[in-house]
Amino acid sequence: MIEIARHLSEHGIRPSSQRIAIYNYLMENLNHPSAEQIYCDLAKLMPTLSKTTIYNTIKLFENNGVIVSLGIDNKTVRYDANCEPHAHFRCKQCGAIHDIPLLLDMAKTKLMNKNLQIDDMMVYFTGLCDKCRYQLTK
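Keep in mind that this is a model prediction, so the values were computed, not measured. For every chain, the first residue of its written sequence is number 1, and the numbers climb from 1 along that sequence. In keeping with the model being predicted, local features are shown solely for residues with a pLDDT of at least 70 and side-chain atom pairs are shown and tallied solely at 80 or more, while totals for entire chains, interfaces and linings include all residues. Working from all heavy atoms in the structure, the side-chain values ignore hydrogens and water.

Chemist: Tell me about the packing of aromatic side chains, and name the residues and values.
Modeler: Pairing of aromatic side chains requires ring centres within 6.5 Å, counting the rings of Phe and Tyr and the six-membered ring of Trp. Pairs whose planes differ by under 30 degrees are stacked, by over 60 edge-to-face, and all others tilted. Applying the stated criterion to the full structure yields one aromatic pair. A centroid spacing of 5.7 Å and a plane angle of 90 degrees characterise the contact between Y23 and F61, whose relative ring orientation is edge-to-face. Taken together, the positions of Y23 in helix α2 (residues 17–28) and F61 in helix α4 (residues 51–63) put the pair 38 residues apart, joining distant regions of the chain. The exposure classification of Y23 matches that of F61, with both residues buried. Where helices and strands are cited, they refer to DSSP runs of H or I of at least four residues and of E of at least two residues respectively, numbered from the N terminus. Burial classes follow relative accessibility: with a 1.4 Å probe on protein chains only, a residue under 20% of its type's maximum area counts as buried, one over 50% as exposed, and anything between as partly exposed.

Now the structure itself:
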């Protein structure tokens, strides 16, 4: 928890117990949870936690660069504590979202050769995960 508090402080965020719990949840849950999922899971452990606190904290985290929001799901915004460049894969059947590593050196070189400045990157893939593909072949 000390590392989380330090990380938040380094990004200009005062590390309250609720903020630490929310960030810790995002770090531990690599399924890219929605705000509603974060609230439902954490409210069991922190009965005084409100949805407003979740939404305000997520906005604060996003504005200060400690999380990113994903628009990969057409119905719900999902959140990721991994701010390193990577892609996402969403299964069209079960809705699971997985991180996908990217080889960025060649892409960056080609973009820089065109005098383009890269500020942000979002790469999404959709299809069927192994589990859903297997179920369809049964």
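Next comes the rest of the write-up.
Chemist: So, the side chain of H86: which residues are in play, and what are the values?
Modeler: Assignment of secondary structure puts H86 in the loop between β2 (78–80) and β3 (87–91). Each polar contact in these results corresponds to two N or O atoms within 3.5 Å; when the atoms are within protein, one needs to be able to donate a hydrogen and the other to accept it, and residues that are neighboring in sequence are counted only if both atoms are side-chain atoms. Among the polar contacts listed, one links the side chain of H86 to the side chain of D80, at a separation of 2.9 Å. Among all residues touching H86, those that are not within four sequence positions of it are D80, D99, I100, L102 and M121. By the convention used here, residues are in contact when the closest approach between their heavy atoms is within 4.5 Å.

Chemist: Summarise helix α3 (residues 35–43); cite the residues concerned and give the values.
Modeler: Of the positions making up α3, those classed as buried are A35, I38 and L42. The arc that holds every buried residue of α3, seen down its axis, measures 60 degrees, which confines them to one face. For α3, the elements touching its buried residues are α2, α4 and β2. The arc in question is formed by the directions pointing from the helix axis toward the C-beta atoms.

Chemist: Can you lay out the environment of P101 for me, pointing to particular residues and giving the numbers?
Modeler: Topologically, P101 is positioned in the loop between β4 (97–100) and α5 (104–113). Note on P101: relative accessible area 73%, which makes it exposed. Taking C-alpha positions, P101 is 23 Å from T76, a pair spaced 25 residues apart along the chain.

Chemist: Before we move on, could you go through the pairing of β3 and cite the residues and values that matter?
Modeler: Taken across its five residues, β3 has five buried, putting it largely inside the fold. Of the two faces of β3, the one lined by A87, F89 and C91 and the one lined by H88 and R90 are each fully buried. A pair of strands is labelled paired if DSSP reports no fewer than 2 bridges between them. Summarising the sheet, β3 and β4 pair through four bridges and their orientation is antiparallel. Within β4, the residue paired with A87 across the bridge is I100.

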